[in-house]
Amino acid sequence: MYGFIHRGIANPSKHSHRSWVEKTSTVLVAWLLLLGSGCQDPAQRVLEENMLDAVETKENRDSLREAFQYLPQLIRLDRTVAMQEINYQLNTWSASVSNPPDWTSSELLESIPASLRSVDFASRMTKLEFGEPECEFMLQCQLMRQLSTWVLDLPYRDGLFADWLEEERQRLGGNDGTKLETVMKLFDWTIRNVAVEGSPEASERLLSNPDLPLSDDAPIYRQLPWQTLMFGRGDAWERGRLFTQLCFSQGVDCVVLALPGLSGGSENSALRLWCIGVPIGQDLYLFEPNWGLPLPAPNGPGVATLRMAKSDPNVLRRAKLPGRFNYPVETKDLARLFVLIDAEPFVVGRTMYTLERALTGENRQRLSMNPDDVERQIKAIDSDLDVRLWNVPWLAHAYNLQVRRRLDDMSPFAMQYMEQYGVFVTDTPISRARMLHFQGKFLSSIEAAGALRTYMDFRVDEETLRELEYDRVLQKEFGVVKQPSDSMEIFTNRVRMAQNFFRKSKFDIGIFLAMANMDLNKPDTAIDWLTKRLLEVKGTDRWHAHAHYLLGRNLEAQGKIPEAIEEYKFEASPQSAGNRIRIRRLEMGSNPATAPEVNQ
């Protein structure tokens, strides 16, 4: 369908052959030592048995290392060979685990509806086996760890909360202070790097929690967090889930606070989703996914906690702007709250629990959690909260498997999906540049190009795209070659498809380069990309709302507050309510004398 996209994939057989030779030679040396030793004393025999144990341990670690090297290839649709290699290496390792660590199934699993657990997950919870879903989850964990590691090395960049964060960090002290700084950095990076989709009115109502049956029109679960990261777009809760999974990679467990249904129902499908809560110390800090901001504290520039929201009506009063937008939650609504733990299905099962404890070196990362520990932590903060596992992560994996099956057929769904996401899920310069971006490899070296260069190499100028329609040499260079069986109509359509592909990709690259330059703390360069390569270019409309937001953030970084405020006034943004709250905060900061008036 997309013949102009080069679908390359590393050759695993060569790599596997090399590792097989290395393993075989190591084992052979050990066996030669045994066979050539003749009669031995007991001490020598123990020494050699220990050596064989060490060889076996090395083999098991090599299997894990092989598997992790192939994980990035799972982004691609044509990933069959990589998947086979990963499954082989992981299942080879699992077969060698003779004494797995103790694992107990959590009673909170019962909070996931049986109809959803039976889709694909129930049998996976207790086995020590690896399939496609487990491998894709491991890819996600790898990406989140790589990304969050370098993001946390950067200074915190949101001036609205910088002074408060430093004071609060000092007040909390120790691990809790560090945890708060981690959460604030990861939330800010997520909001800057993912454009939110939806309508501005969405922030004035609470979204009902989705449930089975799976639907192409449902919110939240149509993208896995790593896909939201790769695409740079998602609805408010998909963006929120990227934030929670970045936190998970750093050992921070996030939850979703939900209210009963309008009629008081407490079943999963009746719950109404409110905000993201992060347990730190003796509080739950509150983050609004629709706004792209934390909920404001009742007084001063800080972040509200659940304790504040329950005890001080000013918290939720400050969450609305009379005459502009209402906030759908009032203090009285907080009398009965549900806490939904945002945990991927695999983190609560035996497989990831066992694997995490076997990882060493650069592959060491978090893969599991004990939801019972999270429940105890939440109950210690507020014993009235009803704690459950959130069904959305389970729905997301079930939907993702369904999508991959549907992409095997030539259908309107498959064509639309590839039109929208094909550039990210095949081997293209954009997908490669995105991976470099997530690894924090922005600048090129003698050995390899960095993210900035790789992004730039895929920008095709408009004149070249026009010439592609008739220039046979260009067509060949771009991989658009007329086959003997192609009619002129079919070939012309393929050429136009290629033109649209490269044109759309150029627009995507503009916003990604702006994001990358923000990460590099280069607001001048980011502003240049946002204004001259996006907002002034026809056909870039789908990025305009986020471009205005990023433009405002960069102008803030330059101290140009009035100019930043004008950018945040862009009304056609799904995040407009949050942007208006931001404007209020900026006006309060620049002119404290007007604070009471602005606060009204």
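Quick notes on the rules
Residues numbered from 1 in each chain as written. Predicted model: local features only at pLDDT ≥ 70, side-chain atom pairs only at ≥ 80, totals over all residues. Heavy atoms only, no water. Helix = DSSP H or I, 4+ residues; strand = E, 2+ residues; numbered from the N terminus. Areas by Shrake-Rupley, 256 points an atom, 1.4 Å probe, with all protein chains shown as cover. Salt bridge = Lys/Arg side-chain N within 4 Å of Asp/Glu carboxyl O. Buried < 20%, exposed > 50% of the residue type's maximum accessible area, 1.4 Å probe, protein only. Core = buried A, V, L, I, M, F, W, Y, C linked by side-chain atoms within 4.5 Å. 1 Å grid on protein atoms, 1.4 Å probe; cavity = no way out; pocket = protein on both sides within 12 Å on 5 of 7 lines; lining within 4 Å. Points joined across faces, edges and corners; volume = space filled by probe spheres on them. Nonpolar A, V, L, I, M, F, W, Y, C, P; charged D, E, K, R; others polar. Polar contact = N/O pair within 3.5 Å; in protein donor to acceptor, adjacent residues only side chain to side chain. Arc of directions from axis to C-beta. Contact = heavy atoms within 4.5 Å. Phe/Tyr/Trp six-rings, centres within 6.5 Å; stacked < 30°, edge-to-face > 60°. Axes fitted to C-alpha atoms, helices over the stretch in contact; angles between N-to-C directions. Left-handed = near helix turned anticlockwise from the far one by under 90°. pLDDT = per-residue confidence, 0-100. Disulfide = S-S within 2.5 Å. Pairing = 2+ DSSP bridges. Parallel < 35°, antiparallel > 145°, perpendicular 65-115°, else oblique. Expected span 1.5 Å × (residues − 1).

(A) Seen up close, the overall build of the protein chain. Helix and strand counts for the protein chain stand at 25 helices and nine strands. Looking at the protein chain as shown, the accessible area adds up to about 26,100 Å², and 51% of this sits on carbon and sulfur atoms.

(B) Looking closely at the pattern of salt bridges. With the rule as written, the count across this model stands at 30 salt bridges. The shortest N-O distance in the salt bridge between Glu571 and Arg580 comes to 2.6 Å. Ionic contacts of the salt-bridge type, sharing partners, join the residues Glu166, Arg169, Glu181 and Lys185 into one network.

(C) Main features of unusual backbone geometry. A cis amide bond links Leu212 with the next residue in sequence, Pro213, at an omega value of 5°. Non-glycine residue Ile220 carries a positive phi angle of around 75°. Phi is positive for Asn521, close to 60°, though the residue is something other than glycine. In this structure Asn521 comes out as partly exposed when scored by relative accessible area, which is 48%.

(D) Representation of the nonpolar core within the structure. Core analysis: the largest hydrophobic core is formed by 170 residues, its most contacted members being Met184, Trp274, Val278, Trp291, Leu295, Ile341 and Ile511. When residues in this core are grouped by element, the largest group, 13 residues, is from helix α20 (residues 488-519).

(E) Examining empty space enclosed by the protein more closely. Counted according to the given criterion, the structure contains eight cavities of 30 Å³ or more. Considering only enclosed or pocket space, the largest cavity measures out at about 70 Å³ in volume. Taken together, 10 residues form the lining of the largest cavity, with Met418, Glu419, Val423, Phe501 and Lys504 sitting closest to its centre. Looking at the lining of the largest cavity, the elements that each hand over two or more residues are α15 (412-425) and α20. It is α15 that contributes the most residues to the lining of the largest cavity, six residues altogether. For the lining of the largest cavity, the residue count by class is five nonpolar, three polar and two charged.

(F) Examining the side chain of Gln365 more closely. Here Gln365 is to be found in the loop between α12 (350-356) and α13 (371-381). With relative accessibility at 7%, the residue Gln365 sits in the buried group. A polar contact of 3.2 Å, which involves the side chain of Gln365, links it to the backbone nitrogen of Gln142.

(G) Spotlight on helix α23 (residues 561-568). Turning to α23, its buried residues are Ala564, Ile565, Glu567 and Tyr568. Each buried residue of α23 sits inside an arc of 160° when the element is viewed along its axis, so together they form one side.

(H) Representation of the environment of Asn87. Along the polypeptide, Asn87 turns up in helix α3 (residues 80-95). Judged by relative accessible area, which is 19%, Asn87 ranks as buried. With 42 residues separating them along the chain, Asn87 and Glu129 place their C-alpha atoms 8.9 Å apart. Setting aside residues up to four positions removed in sequence, Asn87 forms contacts with Thr92, Phe130, Gly131 and Cys135.

(I) Structural context of the packing of aromatic side chains. Scanning the model with the defined rule gives 19 aromatic pairs in all. Taking the centre distance of 4.1 Å and the plane angle of 20° together, the rings of Phe231 and Tyr421 count as stacked. With Phe231 in helix α8 (residues 225-231) and Tyr421 in helix α15, this residue pair connects regions lying 190 residues apart in the sequence. Tyr421 shares its class with Phe231; the two are buried. Consider the rings of Tyr549 and Tyr568, whose centres lie 6.0 Å apart with planes at 45°: the pair is tilted. Here the residue Tyr549 occupies a position in helix α22 (residues 544-557), and Tyr568 occupies one in helix α23, the gap between them amounting to 19 residues. According to the relative accessible area criterion, Tyr568 is buried, its value standing at 1%.

(J) Structural context of the packing of helix α7 (residues 174-193) against helix α9 (residues 236-249). The N-to-C vectors of α7 and α9 enclose an angle of 145°; their axes lie 9 Å apart at closest approach. Two packed elements cross with a definite hand, and for α7 against α9 that hand is right-handed. Contact residues: α7 offers Val183, Leu186, Phe187, Trp189, Thr190 and Ile191, while α9 offers Arg239, Leu242, Phe243, Leu246 and Cys247.

(K) Quick look at the confidence of the model for the protein chain. Of all residues in the protein chain, 85% have pLDDT values of 70 or greater, and the mean over the chain is 84. Scored below 50 in pLDDT, residues 1-39 shows 61 contacts in the model against residues more than four places distant or in partner chains. For the stretch residues 592-600, pLDDT sits under 50, and the model shows eight contacts to residues farther than four places along the chain or on other chains.

(L) Just the environment of Ser269, in detail. Residue placement: Ser269 occurs in the loop between β4 (255-259) and β5 (272-280). Taking the C-alpha atoms as reference points, Ser269 and Leu212, separated by 57 residues in sequence, lie 8.7 Å from one another. When sequence neighbours within four positions are dropped, the list of residues in contact with Ser269 reads Ser208, Asn209 and Asp211.

(M) Quick peek at the state of the cysteines. Considering all chains together, one arrives at zero disulfides under this definition. Distance from the sulfur of Cys254, which forms no disulfide, to the nearest cysteine sulfur (Cys247) is 3.9 Å. The exposure class assigned to Cys254 is buried, which follows from its relative accessible area of 3%.

(N) Examining the pairing of strand β6 (residues 283-288) more closely. Counting buried residues along β6, six of its six residues qualify, which places the element largely inside the surrounding structure. Alternating residues of β6 divide into Asp283, Tyr285 and Phe287 and Leu284, Leu286 and Glu288, and every residue in both groups is buried. Two strands pair when backbone bridges link them, and β5 and β6 are joined in this way by five bridges, in the antiparallel orientation. Bridged to Val278 within β6 is Tyr285.

(O) Representation of the packing of helix α5 (residues 132-151) against α7 in the model. Taken N-terminus to C-terminus, the directions of α5 and α7 make an angle of 110°; their axes are 10 Å apart at the nearest point. Regarding the angle of α5 to α7, the classification is roughly perpendicular. Each of Leu147, Ser148, Trp150 and Val151 in α5 lies in contact with α7, whose residues at this interface are Lys185, Leu186 and Trp189. Residues belonging to the contact of α5 with α7 are distributed by class as follows: five nonpolar, one polar and one charged.

(P) Structural context of α5. Along its 20 residues, α5 runs 29 Å from first to last C-alpha, staying within 8% of the 28 Å computed at 1.5 Å per residue. Burial analysis of α5 places 16 of its 20 residues in the buried class, the great majority of the element.

(Q) Spatial organisation of the environment of Gln69. Topologically, Gln69 is positioned in helix α2 (residues 42-70). Judged by its relative accessible area of 42%, Gln69 is partly exposed.

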